[in-house]
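Observations on the three-dimensional arrangement
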Amino acid sequence: MIIIDKYIGAVPASKEKEKMREYKIAVIPGDGIGIEVMNEGLKILNKASEILGDVKFSFDNFEWGCEYYLKTGRMMDEDGLDRLKKYDAILLGAVGFPGVPDHISLRDLLLKIRQGFDQYINYRPVKLLEHVECPLKNKEPKDIDILFIRENIEGEYAGAGGILNEGHESEMAVQTSVFTRKNTDRVMRFAFEEAKKRNKFNKVTSITKSNALNYSMVFWDKIFAEVGKDYPEIETNANHVDAASMFLIQKPETYDVVVGSNLFGDILTDLGATLQGGLGFAAGANLNPEKKYPSMFEPVHGSAPDIAGKGLANPLAMIWTVVLMLDFLEENKLSEMIFSAFKKILKDKTKLTADLGGSSKTHEVGDYICDYLEK
Ligand SMILES: NC(=O)c1ccc[n+]([C@@H]2O[C@H](COP(=O)([O-])OP(=O)(O)OC[C@H]3O[C@@H](n4cnc5c(N)ncnc54)[C@H](O)[C@@H]3O)[C@@H](O)[C@H]2O)c1
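Every one of the 20 residues lining the ligand counts as a neighbour, but D102, G302, A304, D306 and N314 are closest to it. Between an oxygen atom of the ligand and a main-chain N or O atom of V95, the distance comes to 2.9 Å. Tallied by class, residues from the shell around the ligand come to eleven nonpolar, five polar and four charged.

A word on the pattern of salt bridges. Enumeration over the complete set of coordinates arrives at 26 salt bridges. The partner of R21 in a salt bridge is E331, with the nearest N and O atoms 2.7 Å apart. Placement of R21 in strand β1 (residues 21–30) and of E331 in the loop between α11 (316–328) and α12 (332–345) is noted, with a sequence separation of 310 residues between them. Under the relative-accessibility criterion, R21 is labelled buried at 18%. Across the salt bridge formed by D185 and R189, the nearest N and O atoms sit 2.7 Å from each other. Taken as a pair, D185 and R189 lie in helix α7 (residues 181–198) at a separation of four residues, close to a single helical turn. A single salt-bridge network, built from bridges that share partners, covers R74, D77, D79 and R83.

What follows is about unusual backbone geometry. The residue N165 is not glycine, and still its phi comes out positive at about 55 degrees. As for its position among the elements, N165 is in the loop between β6 (155–164) and β7 (172–178). Despite not being glycine, N202 has its phi angle at roughly 50 degrees, a positive value.

Further remarks concern the packing of α11 against α12. Where α11 meets α12, the closest approach of the two axes is 8 Å, and the angle between their N-to-C directions is 160 degrees. On the basis of their axis angle, the class for α11 and α12 is roughly antiparallel. Viewed along their axes, α11 and α12 form a crossing whose handedness is left-handed. Of the residues in α12, those touching α11 at L316, I319, W320, V322, V323, L326 and D327 are N332, L334, S335, I338, F339, F342 and I345. Its residues assigned to classes, the contact of α11 with α12 comprises eleven nonpolar, two polar and one charged.

Moving on to the packing of aromatic side chains. With the rule as written, the count across this model stands at twelve aromatic pairs. Where F62 meets W64, the ring centres are 4.7 Å apart and the plane angle is 45 degrees; that geometry is what we call tilted. Looking at F62, the relative accessible area reads 5%, which means it is buried. Judged by relative accessible area, which is 2%, W64 ranks as buried. Directly above the ring of Y120 sits R186, whose terminal nitrogen or CZ lies 3.6 Å from the centroid.

Another aspect to go through is the sheet that holds strand β10 (residues 257–260). Within the open sheet, the ten strands sit side by side as β2-β1-β3-β12-β11-β4-β5-β10-β8-β9. Their pairing is mixed. Every interior strand has two partners, whereas the edge strands, β2 (55–61) and β9 (235–240), have only one. Pairwise comparison of adjacent strand axes, ignoring direction, gives a mean angle of 25 degrees for this sheet. In the packing of helix α10 (residues 262–275) onto the sheet, contacts are made with β4 (121–127), β5 (145–151), β8 (203–208) and β10, and the angle to β5 comes to roughly 155 degrees.

Attention now goes to the layout of surface pockets. A water-sized probe, rolled over the atoms, reveals where empty space remains. Space inside the largest pocket adds up to approximately 660 Å³. Along its surface, the largest pocket is lined by 23 residues, and Y123, L147, E194, L324 and D327 are the ones closest to its centre. Contributing elements (two or more residues each) for the lining of the largest pocket: β4, β5, α7, β11 (285–287), α11 and α12. Broken down by element, the residue count for the lining of the largest pocket peaks at five residues, all from α11. Residue classes in the lining of the largest pocket are distributed as 13 nonpolar, two polar and eight charged. One number sums up the size of the second largest pocket: a volume of about 440 Å³. Surrounding the second largest pocket, 22 residues form its lining, V95, L106, L110, V300 and G302 being those nearest its centre. Among the secondary structure elements, those contributing two or more residues to the lining of the second largest pocket are α6 (102–116) and α10. A total of six residues in the lining of the second largest pocket trace back to one element, the largest contributor, which is α6.

By the secondary structure assignment, G228 is in helix α8 (residues 216–229). With a relative accessible area of 11%, G228 lands in the buried category. Along the primary structure G228 and V300 are separated by 72 residues, whereas in three dimensions their C-alpha atoms are 28 Å apart. What G228 contacts, discounting residues up to four positions off in sequence, is F192 and T236.

Rules behind the numbers
- Residues numbered from 1 in each chain as written.
- Predicted model: local features only at pLDDT ≥ 70, side-chain atom pairs only at ≥ 80, totals over all residues.
- Heavy atoms only, no water.
- Near = heavy atom within 4 Å.
- Polar contact = N/O pair within 3.5 Å; in protein donor to acceptor, adjacent residues only side chain to side chain.
- Nonpolar A, V, L, I, M, F, W, Y, C, P; charged D, E, K, R; others polar.
- Salt bridge = Lys/Arg side-chain N within 4 Å of Asp/Glu carboxyl O.
- Helix = DSSP H or I, 4+ residues; strand = E, 2+ residues; numbered from the N terminus.
- Buried < 20%, exposed > 50% of the residue type's maximum accessible area, 1.4 Å probe, protein only.
- Axes fitted to C-alpha atoms, helices over the stretch in contact; angles between N-to-C directions.
- Parallel < 35°, antiparallel > 145°, perpendicular 65-115°, else oblique.
- Left-handed = near helix turned anticlockwise from the far one by under 90°.
- Contact = heavy atoms within 4.5 Å.
- Phe/Tyr/Trp six-rings, centres within 6.5 Å; stacked < 30°, edge-to-face > 60°.
- Lys NZ or Arg CZ within 6 Å of the ring centre and 35° of its normal.
- Pairing = 2+ DSSP bridges.
- 1 Å grid on protein atoms, 1.4 Å probe; cavity = no way out; pocket = protein on both sides within 12 Å on 5 of 7 lines; lining within 4 Å.
- Points joined across faces, edges and corners; volume = space filled by probe spheres on them.

Keep in mind these values describe shape, not function.
Right, dumping it as structure tokens:
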């Protein structure tokens, strides 16, 4: 922000140009509503950067996804990661298409990028905004403000396992969770650092299941306790995942930062999405915090084949995801501009899509936010 402010005002045009910040973004709209919501995310990003004037984005589109798989037998090109490496960030809509098994779309595109680029943090804010209806009675925005940090490259989604004796009576499947000290430690540390930054209750809750998972989750608990010792100012708490799914409904206001494994985080953040008004609001980021590789920003929702192509998709999760990308790129002014216009639209239900009780089409929501940006 300071850098931006410094160059606004009486600076010669040539100097301004010199200070123009440029970002190359790889865009993977994917399938179904992924394509529709991506259009709105890019529309708003273009509009806001045009208004601000000192930051520019260039976009390269990658047609990877399930339809690409049906044509080519691949979810992404073989040299996909090499090609993506040169970008400042990746924006992804959603993948999934009837006829393509979900484990292929997830593993051959999303997990390939998350794991290949060491995006070990999945960052998901669950925040109820003003004017948004919460399905829980008597809960207000001050009660629902949780940051989920989900381990993102190993755990239950490590892909370790196999199927033996396929087609025989003795057929069996094994899927092994993988928790390494290095990765578990850095995920926990990230969660503690975020709790410090947020300064809400200075509290981190770990999601576990160490009563039943006597190796992986006992290890998880041990690392949590070890890392916690380095943050004496942060309160620590642990919930078994079953209890957490109850407490998040009963008393969401008691949570600040929550850290969970890949599977537990995946499940609880859909519950979280419901607390904040639905999947249409749930934004997410796959982060490589060291910025050695590009990070990938994608809404939590899928390709929603039931509403795809009808203009019914709520683009707000995608737009919030763009805000997360701008925060990560430290383009704070642009991020604040977009988020402030985003919040304004919530006051008028008619301007929202049907899932939020409105009557607007996906592209109209984007247009309304652009209008607010111009004002
Ligand atoms: N990150 C991803 O790309 C991702 C995530 C989840 C699911 N998927 C895939 O998406 C496909 C559909 O999965 P699903 O039905 O379980 O989950 P989904 O998120 O696509 O849809 C769940 C429900 O929420 C609604 N919904 C989702 N996003 C919405 C939006 N922006 N606006 C309005 N309504 C919205 C849908 O209409 C549907 O009724 C599957 O192929 C699945 O594998 C992909």
